Amino acid sequence: MNPRNHKVIDWQARYNELANSTKNKLLKHFYAGAYNQDKAAIKDVPFVAMDFETTGLNSQNDDIVSVGLVPFNLERIYCKHSRHWVVQPRRNLHEESILIHGITHSEVDDAPDFNQIIEPLLEALSGKVVVVHYAAIERHFLNNALLLRLKEGIEFALVDTMEIEKRALKARQGLLGRLFNTKLGSLRLTDCRARYSLPAYQNHNALTDALATAELLQAQLSYHYRVDTPISELWL
C-alpha cells in the first residue's frame, strides 16, 4: 500500500500562517495550539474522532444538528473525556434527516445554537489530530458552520478512515484487479468495521459514530501500518 498517494500539506507552516492571519481570537487560539508535528510517529499522536449529524448532505445548504467527539490514541480510547452536543441548526430540519438520526424538532428547539459550543469544541480539538470517516462531511460542514457564525472558516489536518480503507482495498485489489476494474467493496463505516471483526453499533448517533471511527482507525493502523509511521503519511 502506497501511503503517499495524496497531496502532502505542510501543516506546521499552514497553521502558523493561519494563526497570524485570522481576526478571530478563538481561531487564533486553535491554530496556535494545533498539533503540527508532521514527523511524529503515529504511536505518539493524540487523536480525536469527530462526527456530525446534519439536516442533510449539502454543506452549503444544510447545517449541523449534533456533534460527537471521542479522544484516543493507538492504545486507548478515553470515553470519559468524550463530548456530545445537540445544537439548533439555522437550516430547516427535514423529516428525512429526522428518520436517519432520530433528533426531533422539539430537541433542537430546546438546544443551543452552534455558536454557543464553538469555544468548547475548538478547545476539545486543540492539540489533537482530528479523525473522521469521510472528510468531505466534517471538514466542509465545520468550515461552513463557522463561516455562517464567525464570518470566517477553518482549516485543519485530519485523518480519514474512509480514505485509509480505500487505500487498503486498492492494495488488496492488485494490478490484475485494477486491470479488470473489480469492485473495491463498501466504504460505509459499518462495512469497514466488519472487515476488522469490530462489533456493529447503531448508526447515525454522532457520539456512537465517533467512537466507531476511533476504533476503526486503531484497527486499520494495527493491520496496515508500523507504529513508527509518521503522521504526515496519513493526514490530509
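Below you will find a few notes about this structure. (Residues numbered from 1 in each chain as written. Predicted model: local features only at pLDDT ≥ 70, side-chain atom pairs only at ≥ 80, totals over all residues. Heavy atoms only, no water.)

Regarding unusual backbone geometry
The following threshold applies: In this description a helix means any DSSP run of H or I spanning at least four residues, a strand means any run of E spanning at least two, and both kinds are numbered starting from the N terminus. Only protein chains enter the accessibility calculation, which uses a 1.4 Å probe; a residue whose area is less than 20% of its type maximum is buried, one above 50% is exposed, and one in between is partly exposed.
For Y134, which is not glycine, the phi dihedral falls at a positive 90 degrees. Within the secondary structure layout, Y134 lies in the loop between β4 (129-132) and α6 (135-150). Not every positive phi belongs to a glycine, and H204 is a case in point at roughly 70 degrees. Assessed through its relative accessible area of 36%, H204 is described here as partly exposed.

Thoughts on the sheet that holds strand β1 (residues 47-54)
The line we're drawing: Only when DSSP finds a minimum of two bridges between them are two strands counted as paired. Think of each axis as a best-fit line through the C-alpha atoms, taken over the contacting stretch in the case of a helix, with angles from 0 to 180 degrees between the N-to-C directions. The contact rule is simple, with two residues in contact once any of their heavy atoms fall within 4.5 Å.
One open sheet accounts for five strands, arranged β3-β2-β1-β4-β5; its pairing is mixed. The sheet is open, and its two borders are formed by β3 (83-86) and β5 (158-160), each paired with just one other strand. Along the sheet, successive strands turn relative to each other by an average axial angle of 20 degrees, direction set aside. Inspection of the sheet shows strand β2 (residues 64-72) paired to β3 by four bridges, in the antiparallel sense. Paired with S66 across the strands is V86, a residue of β3. Here α6 sits on the sheet and contacts β1, β2, β4 and β5; the angle it forms with β1, its principal contact strand, is near 75 degrees. Where helix α9 (residues 206-224) meets the sheet, its contacts fall on β1, β2, β3, β4 and β5, and the angle it forms with β2 comes to roughly 35 degrees.

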